[in-house]
Amino acid sequence: MKNNIIKKIASLILIISSSQFLCFEMTNISFAKTSISENGILKLVNNEREKVGLTPLSINSKLQESAEAKAKYLLDNNLFDHNTKDKNFSLWIKEAGYKYSIIGENLATDFYSDEEVVNAWIKSSGHKENILNNYTETGISVQEKNGKILIVQIFGRPDTSPVEIEQTIGNHISECLIIYSQNIKQKGFDGQIA
């Protein structure tokens, strides 16, 4: 009887330690399969831009706020689209107070590394166009809810108009010039890509 009790205790210890090991291993697998970060996406996107001679994008706090709010909203409502019945994608940007001349957006889901996301975008003409457009700023959000990973990258170029420049010609003549940025409107382009 004493041997049976010892065997049962030993079996129980083995089961407990095995289940702790299994939980530890499962936790590591969960973390290992997802290695997406805002900084990783930014670095790879900027690498693609530099390959074609474009300047790197910098993070803008208002675009970052927009990307985070949009990602949270999409996840909370189990959506995956640039426009929803509640909001056009540009409304997220306007609500954050970002004044733009042009904007764009890339979305991704069901990827598990920065490289997978950016490679998929580069292989898609519309997403690649956003990455290689004449944007200067970006905001990126990577969020996870219930095992679903969502990436939102918003691109922007700030609107700098009107800007007044006083120009002096000779000693006595001066004129005031107002320079307006040109809003680029292309048919079908509103940063909405499939």
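Each chain has its residues counted from 1, running along the sequence as written. Confidence filtering applies because this is a predicted model: local features only for residues at pLDDT of at least 70, side-chain atom pairs given and counted only at 80 or more, and all residues used for totals across whole chains, interfaces and linings. Processing note: side-chain calculations cover all non-hydrogen atoms of the structure and skip hydrogens and water entirely.

**Q** What is the right way to read the confidence of the model for the protein chain from this model?
**A** If pLDDT is low for a region, its predicted coordinates should not be looked at in detail. The quantity called pLDDT is the predictor's confidence in a given residue, expressed from 0 to 100. For the protein chain, mean pLDDT is 77; residues scoring 70 or higher make up 65% of the total. Contact between two residues is taken to exist if any of their heavy atoms lie within 4.5 Å; hydrogens are not considered. Overall, residues 14-32 carries pLDDT values under 50, and its contacts beyond four positions in sequence, including any with other chains, amount to 0 contacts. Counting contacts from residues 164-194, a segment whose pLDDT is below 50, to residues more than four positions away or on other chains yields 60 contacts.

**Q** Which parts of the structure should I look at to understand the pairing of strand β4 (residues 148-158)?
**A** Only protein chains enter the calculation, and the probe is 1.4 Å; a residue is then buried if its accessible area is under 20% of its type maximum, exposed if over 50%, and partly exposed in between. Only DSSP runs of H or I covering at least 4 residues are called helices, and only runs of E covering at least 2 are called strands; the numbering of each starts at the N terminus. Burial within β4 is extensive, with 8 of its 11 residues counted as buried. In the sheet, strand β2 (residues 100-109) pairs with β4 via 9 bridges, with the strands oriented antiparallel. Bridge pairing links G104 to F155 in β4. Note: two strands are recorded as paired if DSSP finds a minimum of 2 bridges between them. As paired strands, strand β3 (residues 137-145) and β4 are joined by 9 bridges and run antiparallel to one another. Looking across to β4, one finds that I140 is bridged to Q153.

**Q** Before we go on, may I ask you to explain the sheet that holds β4 in this structure?
**A** Strand pairs in the sheet, formed through backbone hydrogen bonds, run parallel or antiparallel to each other. Read from one edge of the open sheet, 4 strands run β1-β3-β4-β2, paired in mixed fashion. Strands with a single pairing partner mark the edges of an open sheet, and in this sheet they are β1 (58-59) and β2.

**Q** Sorry if this is basic, but what is going on with the pairing of β3 here?
**A** A regular strand places its side chains so that they alternate between the two faces of the sheet. For β1 and β3, the ladder comprises 2 bridges, and the chain directions are parallel. Pairing of S58 across the sheet is with E137, part of β3. The turn joining β3 and β4, which pair antiparallel and follow one another in sequence, is formed by 2 residues; a positive phi near 50 degrees is taken by N146.

**Q** I tried to follow the packing of helix α2 (residues 38-51) against helix α5 (residues 114-123) on my own but got confused; where do I start?
**A** Angular values range over 0 to 180 degrees, each being the angle between N-to-C directions of two axes fitted as lines to C-alpha atoms, with helices fitted over their stretch in contact. Where α2 meets α5, the closest approach of the two axes is 9 Å, and the angle between their N-to-C directions is 40 degrees. Taken together, α2 and α5 sit at an angle that is classed as oblique. For the crossing formed where α2 meets α5, the hand is right-handed. For the pair α2 and α5, contact is made by G40, I41, L44, V45 and E48 and by D114, E115, V117, V118, W121 and I122, respectively. As a working rule, the residues Ala, Val, Leu, Ile, Met, Phe, Trp, Tyr, Cys and Pro are called nonpolar, Asp, Glu, Lys and Arg charged, and the rest polar, with Gly in that last group. The class makeup of the residues in the contact of α2 with α5 is 7 nonpolar, 1 polar and 3 charged. Oblique is the label for any angle not covered by the other classes, which are roughly parallel (under 35 degrees), roughly antiparallel (over 145) and roughly perpendicular (65 to 115). Crossings are sorted by hand: turned counterclockwise from the far helix by less than a right angle, the near helix makes the crossing left-handed, and turned clockwise it makes it right-handed.

**Q** Just to check I follow, could you spell out the pattern of salt bridges for this structure?
**A** Any two side chains of opposite charge can pair, given that their charged atoms come close. Basic side-chain nitrogens of Lys or Arg form a salt bridge, by our definition, when they fall within 4 Å of a carboxyl oxygen of Asp or Glu. Tallied over the full model, the rule gives 5 salt bridges. K145 serves as the salt-bridge partner of D76, at 2.8 Å between the closest nitrogen and oxygen. Here D76, found in helix α3 (residues 61-76), pairs with K145, found in strand β3; they are 69 residues apart in sequence, far enough to count as distant. D76 gets classed as partly exposed once you look at its relative accessible area, which sits at 39%. Residue E95 is joined to K87 by a salt bridge in which the shortest nitrogen-to-oxygen separation is 2.6 Å.

**Q** Would you explain the packing of aromatic side chains in this entry?
**A** Aromatic rings in a pair are described by how distant their centres are and how their planes are angled relative to each other. Two aromatic rings, drawn from Phe, Tyr or Trp (for Trp, its six-membered ring), form a pair once their centres lie within 6.5 Å of each other, and the interplanar angle then sorts them: stacked below 30 degrees, edge-to-face above 60, tilted otherwise. In the structure shown here, the tally under the stated rule is 2 aromatic pairs. Ring centres of Y73 and W92 lie 5.2 Å apart, and the angle between their planes is 55 degrees; this geometry places the pair in the tilted category. Taken as a pair, Y73 in helix α3 and W92 in helix α4 (residues 89-95) lie far apart in primary sequence, 19 residues in all. Here Y73 and W92 have matching classes, each one buried. Ring geometry for Y135 versus F155: centroids 5.3 Å apart, planes at 25 degrees, classification stacked. Of the two residues, Y135 is situated in the loop between α6 (125-131) and β3 and F155 in strand β4; the sequence distance between them amounts to 20 residues. Comparing Y135 with F155 shows no difference in burial state: the two are buried. Whether a charge sits over a ring depends on NZ of Lys or CZ of Arg being within 6 Å of the ring centre and within 35 degrees of the ring normal. Its guanidinium or amino end placed over the ring of W92, K87 lies 3.6 Å from that ring's centre, counting from NZ or CZ.

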